[in-house]
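Listed below, chain by chain, are the residues.
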Amino acid sequence: MTLPSSGSLDYNSIRAEFGSPSSNVYLNLYYRGGPYTYPVPANANITTSSSGQLSVSNFYGADSTTDYAKVVGQSYNSGGKAPVTYYGTGMPNTGGGDIPDTSLKVGSLSTTFNPPGSLDCYASSALNFTMTFATNTYGNSNFTLRNFYFYNTSGSLIGQFRTGAQAGWSGGSQPTAFQAPNQDGLYQQAFDNGLAGPSATGSNTNGPAAAWQSGAYTVLGQTFFIKAF
Amino acid sequence: MDLSEFDKTLNIMPGQVHYYDEVAKEDKTANEIEVIWKHKYLPVSELKYYLREGHEAWEDKVRTREQEVLEIWMKELKYSSVYFKVIDKKIIEKGKVEGEKQTENWLKPNSSNVLEPKEVDEI
């Protein structure tokens, strides 16, 4: 949800949109990059704590954190005879995943990163990206050819991943566990590109595959924010 | 320690606030709501949160704030966040084994909870 882009805007509207723990309205709660205001393009007019003062006019058209997820990524080497380096959070054998803000909007669908298992958002290669969502993502067409934009803590776009033409389908002859996301909300790029489907016309090979459009899967090894609408 | 015995009160603030409704594609007004957490008997602060009525992320934001409130209370009760955390409205010791389910999750972090096993024939 956003604030109006023109007209009436006051301190209380900013507080009511972004949320606040205080009965006094402190604009400095809402510096871009802070816990209430993510460094995403919609908030570009809001200054950071190191770059100046805030005014109400900075907040025209600004977005609260609702539509974006925040992920604390890292890199992890599995070790052993066939080591794999993962980037992101929730990868195997590293605990439950570190996603401080799980809610996000995918297209017009409001959803969340969600267990069962752990909160996953990681990749081990350009062809192997995994995310765990709520079950309302299964068979949801908002996932078809959906761009996921990744911003770092400075607000720079560090990567763009687009799901494949088969993402977001359900039913048909393919097992539900192999669709992307599957019936549990698990999105796996490999299944998106391989077995997901079928399309409405019965083919499961139509359209482009899921792939990184810019940046690389290694950008997931840091704290980042996701915009998917 | 159980922190669950608290009252949560919602008050409507005076005046209306402005927001942009992305579904209707127009500016709208709504009530601003004050949420107050007050524990029934523990000597901890009364804490608040402010958000627009009908906010798309109402449940998520209020739940997040409630967890923050419980963690503030934990610190006010002199529990160090280095050694303790709040789970299910209870203060528990980090790393303490609470039950078999926890042990099972450590041993098999990607067990059948993540992906239900399928019969080979079914695949």
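Keep in mind that this is a model prediction, so the values were computed, not measured. (Residues numbered from 1 in each chain as written. Chains lettered and ligands numbered in written order. Predicted model: local features only at pLDDT ≥ 70, side-chain atom pairs only at ≥ 80, totals over all residues.)

Undergrad: Would you take a moment to explain the sheet that holds strand β10 (residues 186-188) of chain A for this structure?
TA: Strand pairs in the sheet, formed through backbone hydrogen bonds, run parallel or antiparallel to each other. Residue and element names in this part refer to chain A. Ordered by their spatial adjacency, five strands build an open sheet running β2-β3-β6-β7-β10, and the pairing between neighbours is antiparallel. Looking at which strands have only one partner, the edges of the open sheet turn out to be β2 (74-77) and β10. Strand-to-strand, the axes of this sheet are offset by a mean angle of 20°, without reference to chain direction. Sheet topology places β2 next to strand β3 (residues 85-89); four bridges connect them, and they run antiparallel. Paired with Asn 77 across the two strands is Thr 85, which belongs to β3. (Pairing = 2+ DSSP bridges. Helix = DSSP H or I, 4+ residues; strand = E, 2+ residues; numbered from the N terminus. Axes fitted to C-alpha atoms, helices over the stretch in contact; angles between N-to-C directions.)

Undergrad: Sorry, what's going on with the interface of chain A and chain B here?
TA: Often the size quoted for an interface is simply the accessible area lost on bringing the parts together. Contacts between the two partners involve 29 residues from chain A, matched on the other side by 29 residues from chain B. Sort the elements by how many residues they give to the side of chain A that touches chain B and helix α1 (residues 11-18) of chain A lands first, with five residues. Here the residues of the side of chain A that touches chain B sort into 11 nonpolar, 15 polar and three charged. (Contact = placed C-beta atoms within 7 Å. Nonpolar A, V, L, I, M, F, W, Y, C, P; charged D, E, K, R; others polar.)

Undergrad: Could you clarify how one ought to interpret the confidence of the model for chain A in this entry?
TA: Caution applies to low-pLDDT parts of the model: their predicted coordinates are not meant to be read in detail. Taken residue by residue, chain A gives an average pLDDT of 88. The fraction at 70 or more is 92%. Taken as a whole, residues 196-203 of chain A scores under 50 in pLDDT and shows 24 contacts with residues more than four places along the chain or in a different chain. (pLDDT = per-residue confidence, 0-100.)

Undergrad: Is there a simple way to think about the domain arrangement of chain A in this case?
TA: Residue and element names in this part refer to chain A. For chain A, the assigned domains read domain 1 (11-65) and domain 2 (68-227). Its C-alpha centre places domain 1 at a distance of 29 Å from the equivalent point of domain 2. Listed per partner, the contact involves six residues of domain 1 and nine residues of domain 2. For the side of domain 1 that touches domain 2, the class distribution of residues is three nonpolar, two polar and one charged. (Domains from an automatic or database assignment.)

Undergrad: What is the right way to read the pairing of β3(A) from this model?
TA: On a regular strand, one side chain projects to one face of the sheet and the next to the other, so that they alternate. All names here are of chain A. Among the five residues of β3, four are classified as buried, and the element is accordingly described as predominantly covered. One ladder, built from three bridges, connects β3 with strand β6 (residues 121-125); its direction is antiparallel. Within β6, the residue paired with Thr 89 across the bridge is Cys 121. (Buried ≥ 20, exposed ≤ 12 C-beta atoms within 10 Å, placed from the backbone.)

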